[in-house]
Amino acid sequence: MREAPGSASPHSTATDSARLESAVPGSAATDSTATGSAVPEPSVPDSPAGERRRDAGATRRRLLDAARDLFAERGYEGATVREIAERAGANQALLFRYFGSKQGLLTEVVAQGGLEQLRATPPEELFETALRSMLTSSASGTADRSLEVYLRSIGRGDEATGTLRELGERYQSALAALSGAKDGALRADLAMAWLLGIGLMRTVVAREPLASADPDTVCRMVVDTLDHLWSTPDSETP
């Protein structure tokens, strides 16, 4: 995927990649994203330790959900730490305690959304899964919104570029594996351009009739057409 000017350096990309990997649920480093091990938030004295852990986990989850939705709605630069904390019903100090920074929060949002989806989804199902997630993102809390975050944030600030570029490269690599053609990477980029274009027109521009189209109908029309891209032999490539 082609990136906007101002992308992070290779060194910073490698650092973001390591942080993204460490934040994926199920890895040994999940709870150490950005700031080290998560510190339980203060609770009422004499409360059982298990209750404190549950409260801390619930607050952390609310912060991630609030950040995911605000980044998707306004972009990384447009969502403030104050707004994220307010939507989560938490103190800003807890956001910094759990994630270290706004950028650390973005890293984990992407890791628990887009990168986890990549890990869990077979390549042949990835495009439709990602497309359906964008088409159904209005169902709060039920969809991965990483590609919406990408659409509204990429190229609009160096701070988020490395994290989002890593996400785009992972999608491109997975999709490129679907074609045995020599230009598989190009085909993957074309598929990604279509996927992101649909997201742009539906969620950002809100252009009708796409904005209100039935997700099943859109998925059927797009996926049936896209199959030709993966199966076209090299001999038909200019």
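Residue numbering note: each chain is counted from 1, following its sequence as written. Local features are withheld for residues below a pLDDT of 70 in this predicted model, meaning they are given only at 70 or higher, and side-chain atom pairs are given and counted only at 80 or more; totals for whole chains, interfaces and linings count all residues. Just so you know, side-chain values use all the structure's heavy atoms and leave hydrogens and water out.

1. With respect to the packing of aromatic side chains
- Under the pairing criterion, centres of Phe, Tyr and Trp rings, with the six-membered ring standing for Trp, must be within 6.5 Å; the plane angle then separates stacked pairs below 30 degrees from edge-to-face pairs above 60, leaving the rest tilted. Scanning the model with the defined rule gives two aromatic pairs in all.
- A ring pair is formed by Phe-71 and Tyr-76, whose centres lie 5.4 Å apart and whose planes are at 45 degrees; its orientation type is tilted. For the pair Phe-71 and Tyr-76, a shared accessibility class is recorded, and that class is buried.
- Either the NZ atom of lysine or the CZ atom of arginine qualifies as a charge over a ring when it sits within 6 Å of the ring centre and within 35 degrees of the ring normal. For Lys-102, the ring lying beneath its charged end belongs to Tyr-76, and the centroid distance is 4.5 Å. The rule is simple: take the accessible area with a 1.4 Å probe, protein chains only, and divide by the maximum for that residue type; under 20% is buried, over 50% is exposed, in between is partly exposed.

2. Some words on the pattern of salt bridges
- Definition used for salt bridges: Asp or Glu carboxyl oxygen within 4 Å of a side-chain nitrogen of Lys or Arg. Taken as a whole and judged by the stated rule, the model has 13 salt bridges.
- In this structure, Asp-65 engages Arg-61 in a salt bridge whose closest nitrogen and oxygen atoms are separated by 2.9 Å. Of the two residues, Asp-65 and Arg-61 both sit in helix H2 (residues 49-74), four residues apart, roughly one turn of that helix.
- A residue is classified by how much of its surface remains accessible, and Asp-65, at 24% relative accessible area, is partly exposed.
- The salt bridge involving Arg-74 is made with Glu-83; its shortest N-O contact spans 2.6 Å.
- Taken together, the shared-partner salt bridges in this structure form one network comprising Arg-61, Asp-65, Arg-68, Asp-69, Glu-73, Arg-87, Arg-145 and Glu-148. Secondary structure elements follow DSSP: runs of H or I no shorter than four residues count as helices, runs of E no shorter than two count as strands, and numbering proceeds from the N terminus.

3. As for the packing of helix H3 (residues 81-88) against helix H4 (residues 92-99)
- For the pair H3 and H4, the least separation of the axes is 9 Å and the interaxial angle reads 100 degrees. Between H3 and H4, the interaxial angle falls into the category roughly perpendicular. Contact residues: H3 offers Val-81, Arg-82, Ile-84 and Ala-85, while H4 offers Gln-92, Leu-95 and Phe-96.
- Considering only residue class, the contact of H3 with H4 consists of five nonpolar, one polar and one charged. Note on geometry: axes are lines fitted to C-alpha atoms, helical ones only across the stretch in contact, with angles between N-to-C directions running from 0 to 180 degrees. What sets the label is the angle itself: under 35 degrees gives roughly parallel, over 145 gives roughly antiparallel, 65 to 115 gives roughly perpendicular, and the rest give oblique. Contacts: residue pairs with any heavy atoms within 4.5 Å of one another. For this classification, Asp, Glu, Lys and Arg are treated as charged, while Ala, Val, Leu, Ile, Met, Phe, Trp, Tyr, Cys and Pro are nonpolar and the rest, including Gly, are polar.

4. Remarks on the confidence of the model for the protein
- The predictor attaches a confidence to each residue, called pLDDT, with possible values from 0 through 100. Counting all residues, the mean pLDDT for the protein is 76, and 70% of those residues have values of 70 or more.
- Model confidence for the protein, summarised as mean pLDDT per element, is weakest for helix H1 (residues 10-23) at 46 and strongest for H3 at 96.
- Ignoring residues within four places in sequence, the model shows residues 1-51, a span with pLDDT below 50, making 94 contacts including any to other chains.

5. Remarks on unusual backbone geometry
- Put simply, Glu-208 and Pro-209 share a cis peptide bond, and its omega is 10 degrees.
- By secondary structure assignment, the location of Pro-209 is in the loop between helix H9 (184-204) and helix H10 (215-231).
- The phi torsion at Ala-206 lies on the positive side, around 55 degrees, for a residue other than glycine.
- Position of Ala-206 relative to the elements: it lies in the loop between H9 and H10.

6. Comments concerning a nonpolar patch on the surface
- A cluster of nonpolar residues, Leu-200, Val-204 and Val-205, forms a patch on the protein surface that exposes about 210 Å² of accessible area.
- Summarising the element assignment, Val-205 is placed in the loop between H9 and H10. Excluding any residue in a salt bridge, patches collect residues exceeding 30% relative accessible area, merging like charges within 9 Å and nonpolar Val, Leu, Ile, Met, Phe, Trp and Tyr side chains within 5 Å. Here, Shrake-Rupley sampling with a 1.4 Å probe gives the accessible areas, and only protein chains in the shown set may cover a residue.

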